[in-house]
Amino acid sequence: DFPITPTLPTKPMIYMTTDQLNMRSKAGVNHPVVGSIPYGKTVTFLEKSSNWYKVQYETTIGWVNSAYLSDKIDPYPKPTVGTKGTYVTSVLIVNKTYSLPSNHNPGVDKWAQQAANAMVSQAEKQGISLTAFSTFRSYSYQQELYNSYVRKHGVVKANRFSAKPGYSEHQTGLAFDFGGNDRSKWLEESFETTREAKWLLANASDYGFILRYPKGKEKITGYMYEPWHYRYLGSDLAKKVKKSGKTLEEYVEININ
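Note that the structure is a prediction, hence the values are computed from the model and not measured.

A. The sheet that holds strand β12 (residues 209-213), seen in detail. Taken together, four strands build an open sheet; the order of strands is β10-β11-β13-β12 and the sheet is antiparallel. At either margin of the open sheet sits one strand with a lone partner, and together these are β10 (131-134) and β12. Across the sheet, the axes of successive neighbouring strands diverge by a mean angle of 50°, strand direction being ignored. Sheet topology note: the β12/strand β13 (residues 226-232) ladder contains four bridges and is antiparallel. Across the sheet, the residue bridging to Phe209 is Tyr232, located in β13.

What follows is the structure, given as structure tokens:
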């Protein structure tokens, strides 16, 4: 008799990390750490020992606890924790109370950009034309913008819709301002009446975005209603925030005052 060759899967088993994980040389927490995998990354399964999986992440191979792996691959995961700033329940908070340092210059977050691209593409298939006309802003650019609004409108009015440098969500690389075909409605409350705004309100959370400054919530968020301003959180959290009907501040239970 000849030995039976085990049947191997035709496709590698891929998992996504649900938390930041240490990779160990062998199965078990007592073995040395050989690497680390950030949240939301995909790994290839190699073998199993009890509740530990041997996986490959990029060029590193090691053992991780399978409790922190999911076979449900989220195409729009939450941003990686690690950016300088204030986190509440793993969510980066930037508002009139919590700021970012002036040298924080990440550019547009790659997950947020991928999600925005996918959302714009899907909207187009449904006859909706979206343009992300404002995304990442550096500290210095926000300073110029804020100062120009103050000169034009005065401090009190400018503070209702523009952030002081260091206090803008756009500096995180996670905030997107969207507009439609009618440019006269860009950055105007009247944008809410457009097909594009209504589509965003109904569908953006599927791609990880929430309407950041809802109507009637200025005392909570610090900013007037902006139907064009969306913040990327990842689809799982975005759906939960939308379902709750709360602002981000209310959802993570912080107060800006």
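B. Spatial organisation of the nonpolar core. Of all hydrophobic cores here, the largest spans 27 residues; its most connected members are Met119, Phe178, Trp199, Leu200, Phe209, Tyr230 and Tyr232. For this core, the secondary structure elements donating two or more residues are α1 (110-125), β11 (175-179), α4 (195-203), β12 and β13. Ranked by residue count, the leading element in this core is α1, at six residues. Beyond its immediate chain neighbours, meaning those up to four positions away, Phe178 contacts Ala116, Met119, Val120, Thr131, Ala132, Phe133, Phe191, Leu200, Trp228 and Tyr230.

C. Layout of unusual backbone geometry. Located in the positive-phi region is Ser50, a residue other than glycine, with phi close to 60°. Position of Ser50 among the secondary structure elements: in the loop between β4 (42-49) and β5 (52-57). Here Ser50 falls in the exposed class, since its relative accessible area comes to 60%. Even without a glycine there, the phi angle at Glu58 is positive, about 55°. Structurally, Glu58 can be placed in the loop between β5 and β6 (60-65).

D. Molecular detail of the packing of aromatic side chains. Counted according to the given criterion, the structure contains 12 aromatic pairs. Relative to Tyr223, the ring of Tyr213 lies with its centre 5.0 Å away and its plane at 50°, an arrangement referred to as tilted. A residue pair is termed long-range when its members are at least 10 positions apart, and Tyr213 in strand β12 and Tyr223 in the loop between α5 (218-221) and β13 qualify at 10 residues. There is no split in this pair, since Tyr213 and Tyr223 are both buried. Of the aromatic side chains, those joined through ring pairs into one cluster are Phe176, Phe178, Phe209, Tyr230 and Tyr232. In this structure, Lys96 is placed above the aromatic ring of Tyr223, and the distance from its NZ or CZ to the ring centre is 4.8 Å.

E. Up close: helix α2 (residues 139-153). When the terminal C-alpha atoms of α2 are compared, their 21 Å separation across 15 residues agrees well with the 21 Å that a helix rising 1.5 Å per residue should span. Listed as buried for α2 are Gln142, Leu145 and Tyr146. For α2, the angular spread of buried residues about the axis comes to 95°, placing them on one side. Among the exposed residues of α2, those pointing more than 90 degrees away from its buried face are Glu144 and Arg151. The secondary structure elements touched by the buried residues of α2 are α3 (155-161). Count one or two residues on from α2 and you reach Gly154, which has phi positive near 90°.

F. Structural context of the environment of Glu169. Positionally, Glu169 belongs in the loop between α3 and β11. A relative accessible area of 2% places Glu169 in the buried class. C-alpha of Glu169 to C-alpha of Thr135: the two residues are 34 residues apart in sequence and 9.4 Å apart in space. Those residues in contact with Glu169 that lie beyond four places of it in its chain are Val94, Leu174, Ala175, Arg212, Tyr213, His229 and Arg231.

Analysis parameters
- Residues numbered from 1 in each chain as written.
- Predicted model: local features only at pLDDT ≥ 70, side-chain atom pairs only at ≥ 80, totals over all residues.
- Heavy atoms only, no water.
- Pairing = 2+ DSSP bridges.
- Helix = DSSP H or I, 4+ residues; strand = E, 2+ residues; numbered from the N terminus.
- Axes fitted to C-alpha atoms, helices over the stretch in contact; angles between N-to-C directions.
- Core = buried A, V, L, I, M, F, W, Y, C linked by side-chain atoms within 4.5 Å.
- Buried < 20%, exposed > 50% of the residue type's maximum accessible area, 1.4 Å probe, protein only.
- Contact = heavy atoms within 4.5 Å.
- Phe/Tyr/Trp six-rings, centres within 6.5 Å; stacked < 30°, edge-to-face > 60°.
- Lys NZ or Arg CZ within 6 Å of the ring centre and 35° of its normal.
- Expected span 1.5 Å × (residues − 1).
- Arc of directions from axis to C-beta.

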